Amino acid sequence: MSIRVLTIVLLTCATPVLHAQAPRPKGALELRADSLLRAGDARGAQQIYRQLVAEDSTFLRAWNGVGNAAAALNDLPTAAAAFEHAAAGGRLTSAIYNVGAMHSRMGHLDLAFAWLDKAVVAGVTQLSLYNTDPDLAAVRKDPRFPALLKKASVATEPCMSDPDSRRFDFWVGEWNVTPAGAPTFAAGTSVVQRVSGGCALLENWTANNGAQGKSLNAFNAATKQWQQYWVGQSGGVVEFRESRWDGPTLVYNTIGGMPMQRLSFTPVDSNTVRQFGEISTDSGKTWQVGYDFYYHRKR
């Protein structure tokens, strides 16, 4: 973590805000100003930062330093203006956020929300930052804050609000699994979890003989299809690279190789899912049942 990010954290926000580093290496004057600022000498640091921007008005990190020093001195208009200079071009995303934070402290809520919205778009999406940063106390009291928080949440975990990624959610849960026609026989148990920020489903399967296996299921936005990668404890691997939806049923297919496999998931009701496995040894001309399982949600 750079000195610049540490400075932003200490002076203007509660959680580190990451940004793309400006390409130029730090010189002796900038390092001196950073050291003074961290030591609490905001006035001394500000003098050096102002010298740097006077020499080069495009020096974004120096403008950011001016903003941090001004914020420490409670000179909020100067801080907001300096952070706005630092935010030019969008490389210092922390500066975009800090413009909004300064306007929040000044009570300029329309400007605060405008800049914080830009910060979310730029990638500043840590929910803890928006919920706890004391600079945003006024913003959190505004009726517009829930919408801002929702936008940050969606940006952080986009799959959670993507209908395609949510379509297989009926399989999420803890399950007792029985074969078709034998509801009292335990074929095994399964726990299906959302993982990777809701972008995938992970099945944790345990058969009645103790054998285990896992499958990772995800909607591939590039192919517009769900895909599954299964690995059993014996080392067997099955890749379902193609899929389609047949009404409420998700149908997976392997590509090439023999035997071909087809796997269907159907939500019978809110507490029951059918998993139907089929095998073809003649390139898909005919299919035989491999297994027919019913997943019963644990109560």
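Below: a short report on this structure. Per chain, residues are indexed from 1 in the order of the written sequence. Local features in this predicted model are restricted to residues of pLDDT 70 or higher, and side-chain atom pairs are both shown and tallied only at a pLDDT of 80 or more, whereas totals for entire chains, interfaces and linings draw on every residue. Each side-chain value is worked out from all heavy atoms of the structure, with water and hydrogens disregarded.

**Remarks on the pairing of strand β7 (residues 242-246)**
A pair of strands is labelled paired if DSSP reports no fewer than 2 bridges between them. Helix numbers and strand numbers start at the N terminus; a helix is a DSSP run of H or I with at least 4 residues, a strand a run of E with at least 2. Note that β7 and strand β8 (residues 249-253) share 5 bridges and pair antiparallel. Opposite D246, over in β8, you have T249 as the bridge partner. The hairpin formed by β7 and β8 contains 2 residues between the paired strands, and G247 there has a positive phi angle of roughly 65 degrees.

**Quick word on the pattern of salt bridges**
A carboxyl oxygen of Asp or Glu within 4 Å of a side-chain nitrogen of Lys or Arg is what we treat as a salt bridge. Following the criterion strictly, the structure yields 9 salt bridges and no others. Close ionic contact of R61 with E30 constitutes a salt bridge, the shortest N to O distance being 2.7 Å. Placement of the pair is R61 in helix α4 (residues 60-72) and E30 in helix α2 (residues 28-38), with a sequence separation of 31 residues. For R61, a relative accessible area of 2% puts it in the buried group. Only protein chains enter the calculation, and the probe is 1.4 Å; a residue is then buried if its accessible area is under 20% of its type maximum, exposed if over 50%, and partly exposed in between. Assessed through its relative accessible area of 1%, E30 is described here as buried. For R105, the salt bridge goes to D135, with nearest N and O atoms at 3.7 Å. Highlighted residues: R105 in helix α6 (residues 93-106) and D135 in the loop between α8 (127-132) and α9 (137-140), separated in sequence by 30 residues. The buried category is assigned to D135, whose relative accessible area is 10%.

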